[in-house]
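# Observations on the model geometry
Below, each chain spelled out in residue letters.
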Amino acid sequence: MSMFQSTQIILAVMVVTYVVIRLLKVSTELALFFAALAGALAGGAGIPTRHIVEGAFTYLDIILIFVTATLFMNLLKESGGVAFVIRGILSRFHRHRSVLFVLITLLLLIPGALTGAGSVTVLITGGMIAVVLHYMGIARPRAAAIIFILAGLSAAAPPVSLWAMLTAAGVNMPYVGFFLPLLIPCVVLALLTIFILGWKGRPVDLEKALAELPDAPAKMNWLKVILPFLVFFAFVLAGRIWPHSLPIIGLPMMFVAAAAVTFLLSPVKLDFLKVSRETIHQLLPLIGTLTCVGILVQVMTLTGVRGLIAVTIVTLPLTVVFLSLSVVLPVSEAVLMWGAAPVLGVPLVLLFNTIGLNPIVALAGMSVIWPLGDALPPTAIIGRLTKDTVGMEESYGRMLAYCLVPAVLIIVTGTLMVVFSKELSFLTLL
Amino acid sequence: MRVNVRSLRKAGFLLLGAALMLLAGLSFYNSRHLKEPVVLGPSVTEVKKLSDYFEGLEGTINDANVYVLEGQEPGGSVLILGGTHPEEPAGRLATWILAENAVLEQGRLFLILSANRSGTTVTRLGGAYPPDYSIETPWGERTFRMGDRWSNPLDQWPDPEVYIHYPSRQELAYMDIRNLNRTWPGRANGTLTEKTCFAIIQMIKEEKIDIAIDLHEAELQYPVISVIVAHEKGQDLAAMTSMMISGMGGFDLGMENSPHALRGLSHREIGDHTDAISLLLEAPEPMLDATRGRTDRKLLLEGKDEFVVKAGEHGLLFEKIDENGWPIDVRVGRHCSAILQILELWTEDHPERGVVVTSVPRYAEVIENGTGAYLHDHRKVSPARLRFE
Amino acid sequence: MIITILYYVLIGFIAGLILWNLFKTRKWQDELLYVIILMPFILRLLRLK
């Protein structure tokens, strides 16, 4: 049997296992795990304990970012800081819809742009923004769509775009020249999205909103809310300005510092352990998915399935490759999350480089499309997170329907960036 | 009763988890602590440590052995780095052959077999690498650690959210702060990986190294492959080497200039920051290709892969590949021949700074006899002539 | 160095939280998932990987 046939069989076993396990009403995370186990068995690797555990390590550092960032936000919420901010924003800007939109776009883009994770955007500012959007007369599914799309764009936005970084590292290309090719589409598409989806609303009924919103503790003030964020950004900026004079703090510890400041400044007494335990419980699907995807990617590599997928895609006719980016990138993201960058990003960028396209702009275009997959099954990780954070009770499909128009805009923009990357190479400033 | 069932179930899951952790943990421990013997060759006069050149590395995992080979006749000094990227085994094995066999007639040869020792103790997450591999020898097997491209997080943690290279301030992917070929020229008060580069730079200065050769392997889909990458100081030497090897060495070896825009690489920074000529050799390693199929010891050693062949048929590769693959002996042999050629050309042009080496096999010999033929039985050597990596 | 130690403390703290939740949860799927996500935390804490 050729390697093609044997790996196709292994892939089929993995897919069938996944589907059967899901039909048995078992969670996505565990289905991914069992699919990996079945793949290893079918591939003749037995139960490869070393590879299972090594795969589980793949996203450990990213998991630490999620846990600490969410802990920070949960502490801020418990301290009344979130309610305080929403009341403040609504009181100040309730008459100026456009200003509010631009402000919201910034608030949604910054956390993900700095951390590279759309989930951090959803967790840090998504909840607050959802409430603001609600009082602007935007229905929950529509608000969820805005937050999801902007969270995805924030993850792709510079300075930290993990897809671009992981792929660039995979092809031994320095992570330079990406700033404008990522920033311009992300900002433009974010603004387009919020204005398209949010325009039809109604003026803010300030009195009603303030009456319905939870009260902020009397002793809460702007300083107490802003200081933890300032501490976080101070660490980030200090690391950028004096990278060679300061020790490496790492994002997780920066979030821990921000969480500590929030805890100390809180006007109400916070049960730190309780909030921590609930944070882990709240993040279980996310951490579980990341861990199990890591295991799955490792087993796919071990058995050759990863290579099968990669070689099948890069050997398609070029026009088909361009046209299929709109499907292949989101789907690969939906299955592998950041694992899609090494699995598909690397061979695709090398392919584009071989045919004379600009790898930086092409990769930036791909990076804008990738996050759309975070709303799709099997993982749908950021989509699910957004639905929960927004507190949407309508069906998940409603949110997806609202995502459609911005998603098409994003796909068209990203694909055009790939096709015309050579012409757009001036954006890299290199 | 229900509570008991639940407790039992939890205990069961925990036991399963514990069993997985125990088995995997043992495997991780064993590969991190696997000892790789080095039989000191006839010309090895001293085995130094990197910390002899920079105290900051003392007691760390990256305080690598520096094998010093000296000839009767004075001459120049050449440094060869293996294990900059420990996931590229041909580079390490070539330095092993040199350490165990080379006879120096003139000058000095400095060998580092594990330039990033930390990186030899871990395998790439998601890469499904085998933990080790064995080379057949006439007297049995010699087992080596398979490594990673990056230092082990157990030795350097955490990573920043973006790596800013010193001193250029170029921004690189966060994990490349653990990539020894992105941290040159290094810093005395930097991370472990940066300190390692700093120590080697100190060594190059102190020992008045004339040429530093960094041994690598690359995926076939990567444009910089089967080449010698040269700093501008070494352009003539590299061009001549490429010509001689491609003409008479039995294989094609291209030549590329070290780009100025790429920072932190040995061929750029060693040349910029020391008097040495810096060169980097790349051999093809199909196991690094993203399109590779089943990943195992066989692929590592034989370099045969149907999927990579298919990518080649579609014109996606920068090096040819057929059903014969790229066996480890071919890759090691390329490095051996290229090194010998560089030394010969250098000695011709700089007789007073010459480095003359004999008893090292060339490409055709390594292929014919196998790499293992040049690894000596460490069980029959006195402890004084034995070291471990 | 101090920061690295703080990271091990963080890993230990999160491992503790995962274990706590594992003992508290009543759903078998969550139990199994907690055990899976616990593995890297424990092995990092033991400095094995």
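Keep in mind it's a predicted model, so treat the numbers as computed, not measured.

Here the focus is the overall build of chain C. Of the regular secondary structure elements, chain C holds two helices and zero strands. Once the C-alpha set of chain C is aligned to its principal axes, its extents read approximately 40 × 20 × 10 Å. Residues counted as buried form 45% of the 49 residues belonging to chain C.

The next subject is the interface of chain B and chain A. Listed per partner, the contact involves 41 residues of chain B and 54 residues of chain A. When residues of the side of chain B that touches chain A are traced back to their parent elements, those giving at least two are α1 (2–33), β9 (171–172) and α7 (306–313) of chain B. Looking at the side of chain B that touches chain A element by element, the count peaks at five residues for α1 of chain B. Tallied by class, residues from the side of chain B that touches chain A come to 22 nonpolar, ten polar and nine charged.

As a further point, take the interface of chain A and chain C. Contacts between chain A and chain C engage 26 residues on the former and 20 residues on the latter. Those elements that place two or more of their residues in the side of chain A that touches chain C are α2 (28–42), α3 (49–57), α4 (60–78), α13 (251–265) and α14 (272–303) of chain A. Broken down by element, the side of chain A that touches chain C gets its largest block of residues, nine residues, from α14 of chain A. Residue composition of the side of chain A that touches chain C, grouped by class: 19 nonpolar, five polar and two charged.

Residue and element names in this part refer to chain B. Residue position: Arg 268 is located in helix α5 (residues 266–273). The class for Arg 268 is buried, based on 24 C-beta atoms found within 10 Å. With residues up to four places along the chain from it excluded, the contact list for Arg 268 reads His 231, Ser 258, Leu 262 and Arg 263.

This part takes up the confidence of the model for chain C. Low pLDDT marks regions whose predicted coordinates should not be analysed in detail. For chain C, the mean per-residue pLDDT works out to 97, and 100% of the residues sit at or above 70. Both scores are available for the predicted complex, with the pTM at 0.93 and the ipTM at 0.98.

Attention now moves to unusual backbone geometry. Here Trp 157 of chain B and Pro 158 of chain B are connected by a cis peptide whose omega angle stands at 5 degrees. Relative to the helices and strands, Pro 158 of chain B is located in the loop between β7 (140–145) and β8 (163–164). Of the consecutive residues Tyr 166 of chain B and Pro 167 of chain B, the connecting peptide bond is found in the cis state with omega at 0 degrees. Tracing the sequence through the fold places Pro 167 of chain B in the loop between β8 and β9. Although it is not a glycine, Ala 380 of chain A sits at a positive phi angle of roughly 45 degrees. By the element assignment, Ala 380 of chain A lies in the loop between α18 (359–369) and α19 (381–390). At Ser 226 of chain B, a residue that is not glycine, the phi angle is positive and equals roughly 50 degrees.

With that settled, the discussion passes to helix α1 (residues 3–23) of chain A. An α-helix turns once every 3.6 residues. As a result, residues three or four positions apart point the same way. All names here are of chain A. With 21 residues, α1 ought to run about 30 Å at 1.5 Å a step, and its terminal C-alpha atoms sit 30 Å apart, in line with that. For α1, the complete set of buried residues consists of Thr 7, Ile 10, Leu 11, Met 14, Thr 17 and Tyr 18. For α1, the buried positions fall inside an angular range of 120 degrees around the axis, keeping them on one side. The exposed set on the far side of α1, more than 90 degrees from its buried face, consists of Gln 5 and Leu 23. Looking at the buried residues of α1, the elements they touch are α2, α14 and α15 (305–314). Just downstream of α1, Lys 25 is the residue with a positive phi angle, here 65 degrees.

The relative placement of two packed helices is expressed as an angle between their axes plus a distance between the axes. All names here are of chain A. At a minimum axis separation of 10 Å, helix α6 (residues 97–115) and helix α10 (residues 179–198) run at an interaxial angle of 130 degrees. The orientation of α6 relative to α10 falls into the category oblique. Here α6 runs over α10; the crossing is right-handed. Contacts between α6 and α10 involve Phe 101, Ile 104, Thr 105 and Leu 109 from the first element and Cys 186, Ala 190, Leu 191, Ile 194, Phe 195 and Gly 198 from the second. Grouping the amino acids of the contact of α6 with α10 by side-chain chemistry returns eight nonpolar, two polar and no charged.

It is worth spelling out the environment of Leu 429 of chain A at this point. Residues and elements named next belong to chain A. With respect to the helices, strands and loops of the structure, Leu 429 is situated in the segment after α20 (396–419). The class of Leu 429 is exposed, set by 10 C-beta atoms lying within 10 Å. Taking C-alpha positions, Leu 429 is 34 Å from Gly 198, a pair spaced 231 residues apart along the chain. Those residues in contact with Leu 429 that lie beyond four places of it in its chain are Gly 177 and Leu 180.

Ile 147 of chain A together with Leu 109, Ile 213 and Leu 279 of chain B are the most contacted members of the largest nonpolar core, which totals 303 residues. Per element, the largest residue contribution to this core is 14 residues, and it comes from α14 of chain A. Not counting residues up to four positions away in its chain, the partners in contact with Leu 279 of chain B are Ile 211, Ile 213, Ile 228, Val 229, Ala 230, Gly 234, Ala 238, His 267 and Ile 342 of chain B.

A few words on the pairing of strand β5 (residues 103–112) of chain B. Residue and element names in this part refer to chain B. By the criterion of burial, β5 is predominantly enclosed, with eight of the ten residues buried. Pairing geometry for strand β3 (residues 65–70) and β5, over four bridges, is antiparallel. Looking at β5, one finds that Leu 69 is bridged to Leu 109. Here six bridges tie strand β4 (residues 73–81) to β5, and the two strands are oriented parallel to one another. Paired with Glu 73 across the strands is Gln 106, a residue of β5.

Parameters at a glance
Residues numbered from 1 in each chain as written. Chains lettered and ligands numbered in written order. Predicted model: local features only at pLDDT ≥ 70, side-chain atom pairs only at ≥ 80, totals over all residues. Helix = DSSP H or I, 4+ residues; strand = E, 2+ residues; numbered from the N terminus. Buried ≥ 20, exposed ≤ 12 C-beta atoms within 10 Å, placed from the backbone. Contact = placed C-beta atoms within 7 Å. Nonpolar A, V, L, I, M, F, W, Y, C, P; charged D, E, K, R; others polar. pLDDT = per-residue confidence, 0-100. Expected span 1.5 Å × (residues − 1). Arc of directions from axis to C-beta. Axes fitted to C-alpha atoms, helices over the stretch in contact; angles between N-to-C directions. Parallel < 35°, antiparallel > 145°, perpendicular 65-115°, else oblique. Left-handed = near helix turned anticlockwise from the far one by under 90°. Core = buried A, V, L, I, M, F, W, Y, C linked by C-beta atoms within 7 Å. Pairing = 2+ DSSP bridges.

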